[in-house]
Amino acid sequence: MTVNNMADPRRPTKIFRYKPPNTETNPTLEDPTPDYMNLLGMIFSMCGLMLKLKWCAWIAVYCSFISFANSRSSEDTKQMMSSFMLSISAVVMSYLQNPQPMSPPW
Amino acid sequence: MRHLVFLLPALLLLLALPDTRGRYNDDFDDGEDIAEFDDNDFAEFEDVSEDSAVDVEKEPPPRAAPPSIPVEDDEDEATVENEDGQDEFEDADAQDQDMYSKYDNEEFEGYEKTNPSFKDTLIYREVPAHLQNSWESYYMEILMVTGLLAYIMNYIIGKNKNSRLAQAWFNSHRELLESNFALVGDDGTSKEATSTGKLNQENEHIYNLWCSGRVCCEGMLIQLKFLKRQDLLNVLSRMMRPACDQVQVKVTLNDEDMDTFVFAVGSRKAMARLQKELQDLSEFCGDKPKSGTKYGIPDSLAILSEMGEVTDGVMDSKMVHYLTTHADKIESIHFSDQFSGPKVMQEEGQPLKLPETKKTLLFTFNVPGMGNTSPKDMDSLLPLMNMVIYSIDKLKKLRLNREGKQKADRNRARVEENFLKHTHAQRQEAAQTRREEKKRAEKERIMNEEDPDRQRRLEEAAQRREQKKLEKKQMKMKQIKVKAM
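Given the structure is predicted, the values throughout are model-derived calculations rather than measurements. (Residues numbered from 1 in each chain as written. Chains lettered and ligands numbered in written order. Predicted model: local features only at pLDDT ≥ 70, side-chain atom pairs only at ≥ 80, totals over all residues. Heavy atoms only, no water.)

## What to know about the overall build of chain A
No. 1: Helix and strand content of chain A: three helices and zero strands.
No. 2: Along chain A, helices and strands appear, N-terminal first, in the series α-α-α.
No. 3: Buried positions account for 32% of the 106 residues belonging to chain A.
No. 4: Within chain A, contacts between residues at least 6 apart in sequence are counted, and of these 67% link residues at least 24 apart.
No. 5: Accessible surface for chain A amounts to roughly 6800 Å². Of this, 66% is attributable to carbon and sulfur atoms. (Helix = DSSP H or I, 4+ residues; strand = E, 2+ residues; numbered from the N terminus. Buried < 20%, exposed > 50% of the residue type's maximum accessible area, 1.4 Å probe, protein only. Contact = heavy atoms within 4.5 Å. Areas by Shrake-Rupley, 256 points an atom, 1.4 Å probe, with all protein chains shown as cover.)

In structure tokens:
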């Protein structure tokens with residue numbers, strides 16, 4: 001240990017407050033995954049709703065889950081909830097319109 | 001008349017015969033007969049078709065058949081359960097047969113012929129899956145829901161694991177940090193600068209800790225960058241490409257805390273990558289990463305340095321000891337007075353100024369375990385934090401000699417000049433546009449001026465200024481010519 005046992009290195013007068021790093025000037029620091037997944041989820045859910053494709057709606061649900069898992073705590077929960085609700089509604093609407101089970105692509 | 005009198009009882013007897021037969025049968029049976037016809041209008045036809053199907057080839061029994069014959073017929077039929085029942089119903093069946101015997105024959109002519117062929121061509125239509133009332137047909141949906149449940153389970157487990165690892169790290173380092181810094185833990189939002197004493201959670205896999213209030217430095221930001229254990233996709237991709245948790249420490253220094261030099265040491269891969277990515281390392285440490293075996297550190301580590309004197313100064317015995325003992329955990333160590341982050345992609349047409357620099361020490365440590373970390377492994381990072389503290393104190397004392405200082409200054413001047421050269425054209429353009437803007441603004445002001453006197457005066461002032469500029473330029477040209485001569 002190189003801390004001088006005689007003198008306390010702490011200086012209460014030299015305290016600087018924490019400033020969160022400005023991510024606007026340095027966009028490489030940010031992880032783009034939650035934003036991409038959010039967008040992808042919305043696109044898939046719209047496809048599922050409009051084109052009545054069940055698999056689109058299911059993928060949208062997955063995308064919104066992934067987006068939620070990767071999101072930052074500072075992010076708005078409303079955005080997450082809205083994309084989640086949209087994907088759930090896409091799944092429900094697809095099944096209401098056509099209750100047949102999903103057929104696998106093979 | 002007498003014949004009529006005898007006929008009447010005979011008729012009555014005839015009428016009573018069915019009654020007697022009915023009386024021979026149980027009342028229950030009689031009631032059933034009537035009930036049968038009452039409830040189900042087609043019961044009679046049902047019985048008829050059954051009988052005719054069975055008895056089509058036999059001669060229809062005579063109307064007033066004795067009970068013995070219906071018994072035979074009943075024996076042929078397979079539907080009677082017990083003898084009592086047989087006795088009860090045989091008369092009813094006999095009755096039906098009597099009534100519809102002729103009808104049976106005519107009705108079912110050729111029935112047998114069509115029967116077999118009808119069975120051969122029977123087609124079973126497939127019932128649509130959603131009407132089948134079986135869950136098995138929805139197996140894709142069940143798979144999807146199972147996948148979602150697995151994702152949620154993994155999210156909860158991963159989040160908890162990361163949280164436990166972070167807490168374990170903090171518990172093992174708390175004492176050291178609190179003895180060195182006046183402020184441990186700050187999220188920047190509270191009014192007063194008081195230690196929160198806990199990690200600041202940025203993400204489910206990134207935890208921050210800001211420490212401040214110490215000699216020799218402005219502050220220290222520790223980032224625990226764990227793996228994304230809460231994301232199942234990431235977990236699966238890590239099975240193919242293993243990665244490890246990282247602890248990043250960034251110490252920002254005041255101007256007087258460090259002399260002017262740039263130095264880095266770390267794993268070869270990391271050094272190569274940083275040299276390409278970081279602004280200061282690429283500008284000041286142009287040479288390829290050198291092996292550090294000369295100083296006694298393992299070959300797996302490479303050194304990037306601005307000048308040899310810096311390496312000699314940094315690599316003292318204690319530092320070498322730290323590096324040798326914990327070589328596997330060290331990803332990179334970077335000391336720089338010109339730190340400005342990664343290289344910024346320059347956009348065209350933008351007048352650039354030198355990026356802001358800050359005296360910084362950066363440490364990146366790998367948590368042992370390669371992803372399969374347990375909270376106990378966090379204790380092994382404590383010596384590395386000691387190394388950080390040691391480096392902070394050491395760099396305060398490390399000063400370059402005169403030669404080194406001159407070299408460093410020259411390097412910085414060179415870098416600045418290069419930068420200015422590259423952006424010269426852009427800056428000229430920017431200056432030109434600014435001058436034009438100024439002129440235009442002035443002209444507009446003059447035009448907008450309503451008072452003609454003032455207008456004239458302003459115009460004259462502008463003219464005089466232009467004249468002066470021209471004279472200055474001419475003087476410069478003359479001077480250059482004289483120098484050239």
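Now that the structure is up, let's keep going.
## Focus on the packing of helix H2 (residues 54–70) of chain A against helix H3 (residues 77–97) of chain A
All names here are of chain A.
No. 1: Following both chains from N to C, one finds H2 and H3 inclined at 160 degrees, their axes separated by 8 Å at the closest point. It follows from the interaxial angle that H2 and H3 lie roughly antiparallel. As for how H2 packs across H3, the hand of that crossing is left-handed. Residues Lys 54, Ala 57, Trp 58, Ala 60, Val 61, Ser 64, Phe 65, Ser 67 and Phe 68 of H2 pack against Met 80, Ser 83, Phe 84, Ser 87, Ile 88, Ala 90, Val 91, Ser 94 and Tyr 95 of H3.
No. 2: The class makeup of the residues in the contact of H2 with H3 is twelve nonpolar, five polar and one charged. (Axes fitted to C-alpha atoms, helices over the stretch in contact; angles between N-to-C directions. Parallel < 35°, antiparallel > 145°, perpendicular 65-115°, else oblique. Left-handed = near helix turned anticlockwise from the far one by under 90°. Nonpolar A, V, L, I, M, F, W, Y, C, P; charged D, E, K, R; others polar.)

## Thoughts on the environment of B:Cys244
No. 1: Mapped onto the elements, B:Cys244 comes out in the loop between helix H8 (232–240) and strand S5 (246–252).
No. 2: Considering only alpha carbons, one finds B:Cys244 and B:Thr373, 129 residues apart in sequence, at a separation of 8.5 Å.

## Overview of a positive patch on the surface
All names here are of chain B.
No. 1: Positive charge collects at one region of the surface, where Arg 434, Arg 435, Lys 438, Lys 439, Lys 443, Arg 464, Lys 468, Lys 469, Lys 472, Lys 473 and Lys 476 lie side by side.
No. 2: Within the residue set of the positive patch, elements represented by two or more residues are helix H15 (424–448) and helix H16 (452–484).
No. 3: The element best represented in the positive patch is H16, accounting for six residues.
No. 4: Assignment of secondary structure puts Lys 439 in helix H15. (Patch = residues over 30% accessible without salt bridge, like charges linked within 9 Å, V, L, I, M, F, W, Y side chains within 5 Å. Salt bridge = Lys/Arg side-chain N within 4 Å of Asp/Glu carboxyl O. Lys, Arg positive; Asp, Glu negative; His and termini not counted. Charge placed at Lys NZ, Arg CZ, Asp CG, Glu CD.)

## Describing the pattern of salt bridges
Side chains that differ in sign of charge can pair as their charged atoms come close.
Residue and element names in this part refer to chain B.
No. 1: If you walk through the whole model with that rule in mind, you get 18 salt bridges over all chains.
No. 2: In this structure, the salt-bridge partner of Arg 268 is Asp 299, at a minimum N-O distance of 3.3 Å. One end of the pair, Arg 268, is in helix H9 (residues 268–277); the other, Asp 299, is in the loop between strand S7 (290–291) and strand S8 (301–305), and 31 residues separate them in sequence.
No. 3: Note on Arg 268: relative accessible area 37%, which makes it partly exposed.
No. 4: Note on Asp 299: relative accessible area 45%, which makes it partly exposed.
No. 5: Overlapping salt bridges bring together Asp 259, Lys 405 and Asp 409 as one network.

## Observations regarding the state of the cysteines
Residue and element names in this part refer to chain B.
No. 1: The tally for this structure, following the rule as stated, stands at zero disulfides over all chains.
No. 2: This cysteine, Cys 211, is not joined by any disulfide, and Cys 217 carries the nearest cysteine sulfur, 9.1 Å off.
No. 3: Here Cys 211 falls in the buried class, since its relative accessible area comes to 0%. (Disulfide = S-S within 2.5 Å.)

## With respect to the UniProt feature "transmembrane region" (unreviewed entry) in chain A
No. 1: Within this numbering scheme, the UniProt entry marks residues 39–68 of chain A as carrying the feature "transmembrane region" (unreviewed entry).
No. 2: As a span, residues 39–68 of chain A carries 93% helix and 0% strand, and end to end its C-alpha atoms are 12 Å apart. (UniProt positions renumbered as here; feature names shortened; annotations may be inferred.)

## Comments concerning the nonpolar core
No. 1: B:Trp169 and B:Phe335 are the most contacted members of the largest nonpolar core, which totals 59 residues.
No. 2: Ranked by residues supplied to this core, first place goes to helix H13 (residues 382–397) of chain B with eight residues.
No. 3: Setting aside residues up to four positions removed in sequence, B:Phe335 forms contacts with B:Met258, B:Phe261, B:Val262, B:Phe263, B:Val314, B:Met319, B:Thr360, B:Leu361, B:Phe363, B:Ser391 and B:Leu395.
No. 4: Counting residues in hydrophobic clusters, the runner-up holds 17 residues, among them A:Met37, A:Trp58, A:Ala69 and A:Val91. (Core = buried A, V, L, I, M, F, W, Y, C linked by side-chain atoms within 4.5 Å.)

## Quick notes on the environment of B:Lys443
All names here are of chain B.
No. 1: Here Lys 443 shows up in helix H15.
No. 2: Residue Lys 443 is classed as exposed on the basis of its relative accessible area, which comes to 57%.
No. 3: Residues Lys 443 and Glu 459, spaced 16 residues apart in sequence, show a C-alpha to C-alpha distance of 8.5 Å.

## Thoughts on the side chain of B:Asn411
No. 1: Looking at the element boundaries, B:Asn411 is found in helix H14 (residues 402–422).
No. 2: Beyond its immediate chain neighbours, meaning those up to four positions away, B:Asn411 contacts B:Phe284 and B:Glu306.

## Some thoughts on the interface of chain B and chain A
No. 1: Taken together, the 56 residues of chain B in the interface contact 36 residues of chain A.
No. 2: Summing the contributions of chain B and of chain A, the shared interface buries around 3900 Å²; its carbon and sulfur component is 61%.
No. 3: Per-residue buried area on chain B facing chain A is highest for B:Glu141, B:Met144 and B:Leu148; these three make up 14% of the total on that side.
No. 4: When the shortest N-O distance is used, the salt bridge between B:Asp186 and A:Arg17 registers 2.8 Å.
No. 5: The interface formed by chain B and chain A holds 20 residue pairs in polar contact (both at pLDDT 80 or more) in total.
No. 6: It is helix H7 (residues 139–180) of chain B that provides the largest number of residues to the side of chain B that touches chain A, a total of 14 residues.
No. 7: Tallied by class, the residues present in the side of chain B that touches chain A amount to 25 nonpolar, 17 polar and 14 charged. (Buried area = accessible area lost by both parts, 1.4 Å probe. Polar contact = N/O pair within 3.5 Å; in protein donor to acceptor, adjacent residues only side chain to side chain.)

## Let's talk about the layout of surface pockets
Residue and element names in this part refer to chain B.
No. 1: Volume-wise, the second largest pocket comes out at about 800 Å³.
No. 2: If you go around the second largest pocket, you meet 19 residues; those closest to its centre are Arg 435, Lys 439, Arg 465, Glu 466 and Lys 469.
No. 3: Mapped by element, the contributors of at least two residues to the lining of the second largest pocket are H15 and H16.
No. 4: Broken down by class, the residue content of the lining of the second largest pocket amounts to three nonpolar, two polar and 14 charged.
No. 5: For the lining of the second largest pocket, the two domains that each supply at least three residues are domain 2 (409–448) and domain 3 (455–484). (1 Å grid on protein atoms, 1.4 Å probe; cavity = no way out; pocket = protein on both sides within 12 Å on 5 of 7 lines; lining within 4 Å. Points joined across faces, edges and corners; volume = space filled by probe spheres on them. Domains from an automatic or database assignment.)

## Some details on unusual backbone geometry
No. 1: Despite not being glycine, A:Lys52 has its phi angle at roughly 55 degrees, a positive value.
No. 2: Its location among the elements puts A:Lys52 in the loop between helix H1 (33–51) and H2.
No. 3: Judged by its relative accessible area of 55%, A:Lys52 is exposed.
No. 4: Its identity is not glycine, yet B:Cys216 carries a phi of approximately 70 degrees, on the positive side.

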